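# Coordinates in review
These are the residues of each chain, in order.
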Amino acid sequence: MSKGPGWAALEELRREVIPEILKAFPEGVRELPTPFEIPQLQAEPGQIRPLAQWLKARGFNMLLDLSAVDYYPHRQGSDRFEVVYHFFAWPQLWKLRVRVPVGGERPEVDSLSDLWPNANPAEREVWDQFGIRFRGHPNLTRILNPDDFEGHPLRKDFPLRGHRDLITDIPLAERNPYQPIKE
Amino acid sequence: MIRMGLKDELQQEVAGQAQDRMTLSVGPHHPATHGVLRLVLELEGETIVKATPEHGFLHTGIEKTAEHLTWQQAITVLDRMDYLSPLSNNLGYSLAVEKLLGIEVPPKAVWTRVLLAELQRISSHLVYFGTGGVDVGAMTPIFLAFDIREMILDIFEEVAGSRLHQSYFRIGGLQQDLPANFNEIMRNFIKKFPERLEELKSLILENPIFIDRTKGIGKLSPEEAIAHGLTGPNLRASGVPYDVRKAFPYCDYDKFDFEVPVGQNGDCYDRMVVRMREIEESFKIVQQAFEGMPEGPFRCEDRKISLPPKAEVKQSMEALIHHFKLVSYGFDVPPGEVYQAVESARGEFAVYVVSMGTNKPWRVRVRPPSFYAVHALPAMLKNCQIADMVVVIAAADPVFGEVDR
């Protein structure tokens, strides 16, 4: 392992801050084993907003990354998806990963876009690609795919080439009919 | 006409806005947007009151495609993300998978990775100065910058066989050994480069027109830059000396002697100065890596992960089996997830890889530094003149292959 201030900082985070977090949130937050450097926590969907507010007050001033993972078909119930947050504290050099399992018919977590401005586009991307809703998001629209796109492509049950056929028997004129101009 | 492509909430906003404001749609087909960015600007006279970026025109589903390729094959699609510095993409992904596999890469491969990744950073920043110069109306820098970049691309061509999408860093080491004439071409480059760079530097950073156009434009305070998730040169221009190579060193970066340039004002001029000084620091690392290049194998000797040499395949049955197995099936990676950050030319490029123990990645999430830079544009553009918009976009240096993936 190379020498650097960050590794010692992660050790400090694990030793000092994580027990504080677990004490502040005795229910709904638990520590996961740390196989590779960055400590990780698992939080219930209802706990992520209070946890994020607590972390921001504790010095985590940057939301490094926000993404999601789909575990279908290994997990099909209320923990099908995992929303993964990476928080970063400058200048303490702490990096923390929080994983929030969500699922069910209408997967939903609280939005963090009022705490960190860059959560806004990142949450839009997760909604676009996975169909996970963010409660309280000001503008939850598609960001990478076109607005009329059907489905959420990074879900594991979305086929690689999409739901629609690329080659059809419908003649060109019928596929693209004349429509009156709307003002 | 402008209204046609606007989204619903923007339409409402246009309907409800003040009488003296104008909504202007810029791009996506605009040469100064560095790719395909569409900005919806709200103007009061010539002052930008509000900017809304819209992107996704270059979305090719690279993350989805990577899930359907084997671990080694996924490198080729990841190359196409940040097309100005593909080697950084290779590096982040290879390091992440190597961590999951728990393998050690031989020292020669590690130092070659450092050398080429720094050359890649130089070449990427040279494109930045070339196109940035065109954006403020200077036509000469682009020819000088691309001429220097040509020398670097020639090195890549000799080493990896291709100039732009090298796919040279593989899981377990390198794709092939360094060529026989490597020392010669590197000595040639190290001799010529400083003089050529000096020429470009004087043309840009000491040019009064350039300074007038960039100083005090698009300011971001350190707190704002951190809150917007900016990393890399954009963050350091605001005075935050965060560099992944120093804070969380990978690839023996702690053994190299270099500095992290930091700006003071967080304006467009500082973003340019920081990048220019970064070129000089990268050149220092290139020299050190070239002089201290260790001897030895160029990829790990584990036959379950890296291909056996061709001569061995012709002699040994076992090597043939390994070759066949690696080419057809690939290898299994133990289950787990890893977040590996590297300092690419644009900032903290990180790969979050999830493995379920199969021969294909379960999820490859890339943290694109330009994605967050594009969404920090509204903060940078606030109260700017419309003529400065191009400069602000150029100074933030987004690459849309990476923003849209």
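Anything mentioned here points back to the structure above.
Residues numbered from 1 in each chain as written. Chains lettered and ligands numbered in written order. Predicted model: local features only at pLDDT ≥ 70, side-chain atom pairs only at ≥ 80, totals over all residues. Heavy atoms only, no water.

## Some thoughts on the sheet that holds strand E1 (residues 21-26) of chain B
Residue and element names in this part refer to chain B. Condition: For two strands to count as paired, DSSP must find a minimum of two bridges between them. Runs of H or I in DSSP of at least four residues are treated as helices and runs of E of at least two as strands, each being numbered from the N terminus. Here the axes come from fitting lines to C-alpha atoms, over the contacting stretch only for helices, and the angles between their N-to-C directions go from 0 to 180 degrees.
An order of E1-E2-E3 is seen for the 3 strands of this open sheet, with the pairing classed as antiparallel. Lying at the two open borders of the sheet, with one neighbouring strand each, are E1 and strand E3 (47-54). Averaged over neighbouring strand pairs, the angle between their axes works out to 20° when direction is ignored. Here 6 bridges tie E1 to strand E2 (residues 38-44), and the two strands are oriented antiparallel to one another.

## Describing the pairing of E3(B)
Residues and elements named next belong to chain B. With 7 bridges joining them, E2 and E3 adopt antiparallel strand pairing. Considered in E3, the bridge of glutamate 44 is made with threonine 47. Between the end of E2 and the start of E3, which pair antiparallel, lie 2 residues, with glycine 45 showing a positive phi angle near 65°.

## As for the nonpolar core
The nonpolar side chains of a soluble globular protein tend to be buried with one another. Inclusion rule: The term nonpolar core refers to a set of buried residues drawn from Ala, Val, Leu, Ile, Met, Phe, Trp, Tyr and Cys, joined through side-chain atoms within 4.5 Å. Type-normalised accessible area, obtained with a 1.4 Å probe on protein chains alone, sets the label of each residue: buried when under 20%, exposed when over 50%, and partly exposed for intermediate values. Note on definitions: a residue-residue contact is assigned when non-hydrogen atoms from the two residues lie within 4.5 Å.
Judged by nonpolar contacts, the single largest core of 179 residues is most densely connected at Tyr85(A) and Tyr93(B). It is helix H5 (residues 107-135) of chain B that provides the largest number of residues to this core, a total of 12 residues. For Tyr85(A), the contacting residues outside a window of four places in its chain are Ile48(A), Leu63(A), Asp65(A), Leu66(A), Leu96(A), Arg97(A), Val98(A), Val100(A), Val109(A), Asp110(A), Leu112(A) and Phe134(A).

## With respect to the interface of chain A and chain B
The line we're drawing: In this description, buried area is defined as the sum, over both parts, of the accessible area (probe of 1.4 Å) that is lost when the two are combined. Salt-bridge detection follows one rule: a side-chain nitrogen of Lys or Arg within 4 Å of a carboxyl oxygen of Asp or Glu.
Opposite the 55 residues of chain A that make contact, chain B presents 47 residues. At the boundary of chain A with chain B, total buried surface from both sides reaches about 4,300 Å², with 60% on carbon and sulfur atoms. Ranking the residues of chain A by area buried against chain B places Phe36(A), Trp90(A) and Leu144(A) at the top, with a combined share of 14%. Here chain A is connected to chain B by 7 salt bridges. Note that Glu67(B) and Lys156(A) form a salt bridge whose closest N and O atoms lie 3.2 Å from each other.

## Re helix H2 (residues 48-58) of chain A
Residue pairs three or four apart in sequence face the same way in an α-helix, which turns once every 3.6 residues. All names here are of chain A. Worth spelling out the cut-off: Comment: arc refers to directions from the helix axis out to C-beta atoms.
Among the residues of H2, Ile48, Leu51, Ala52 and Leu55 are the ones counted as buried. One side of H2 holds all its buried residues, which, seen down the axis, span an arc of 100°. Here the buried face of H2 lies against helix H1 (5-24), strand E1 (29-32), strand E2 (40-43), strand E4 (81-89), strand E5 (94-102) and strand E6 (108-110).

## Brief notes about the pattern of salt bridges
All names here are of chain B. Tallied over the entire structure, the rule returns 44 salt bridges over all chains. The salt bridge involving arginine 113 is made with glutamate 98; its shortest N-O contact spans 2.9 Å. Here glutamate 98 lies in helix H4 (residues 86-101) and arginine 113 lies in helix H5, a separation of 15 residues in the sequence. Note on accessibility: arginine 113 and glutamate 98 belong to one class, buried. Across the pair arginine 236 and aspartate 243 runs a salt bridge, and its minimum N-O distance is 3.6 Å. For the pair arginine 236 and aspartate 243, one class covers both residues: buried. It is possible to trace a salt-bridge network through shared partners that takes in Glu118, Arg121, Arg236, Asp243, Arg245, Glu278 and Glu343.

## Thoughts on the packing of aromatic side chains
This is how the line gets drawn: A pair of aromatic rings is counted whenever rings of Phe, Tyr or Trp (Trp by its six-membered ring) have centres within 6.5 Å, and the orientation is called stacked for planes under 30 degrees apart, edge-to-face for over 60 and tilted otherwise. Here, a charge over a ring is recorded when the distance from Lys NZ or Arg CZ to the ring centre is within 6 Å and its angle to the ring normal is within 35 degrees.
According to the stated counting rule, one finds 20 aromatic pairs over all chains in the structure shown. An angle of 40° between the planes, with centres 5.4 Å apart, marks the rings of Phe87(A) and Trp116(A) as tilted. Here Trp116(A) lies in the loop between E6 and helix H3 (119-130) and Phe87(A) lies in strand E4, a separation of 29 residues in the sequence. Grouping residues by exposure puts Phe87(A) and Trp116(A) together as buried. Considering the side-chain rings of Phe88(A) and Tyr242(B), the 4.7 Å spacing of their centres and the 40° angle between planes classify their relative orientation as tilted. Linking Phe88(A) in strand E4 with Tyr242(B) in the loop between helix H10 (233-237) and helix H11 (244-247), this pair reaches from one chain into another. Each member of the pair Phe88(A) and Tyr242(B) is classed as buried. Directly above the ring of Tyr71(A) sits Arg75(A), whose terminal nitrogen or CZ lies 4.2 Å from the centroid. Positioned over the ring face of Tyr128(B) is Arg275(B), at 4.3 Å from the centre of the ring.

## Side note on the pairing of E5(A)
Residues and elements named next belong to chain A. Across the 9 residues of E5, 9 count as buried, placing the element largely inside the fold. Here E5 shows two buried faces, one formed by Trp94, Leu96, Val98, Val100 and Val102 and the other by Lys95, Arg97, Arg99 and Pro101. When E2 meets E5, the two strands line up parallel, connected through 3 bridges. The residue of E5 that forms the bridge with glutamine 42 is arginine 99. Pairing of E4 with E5 involves 9 bridges; the strand directions are antiparallel. What sits directly across from tyrosine 85, in E5, is valine 98.

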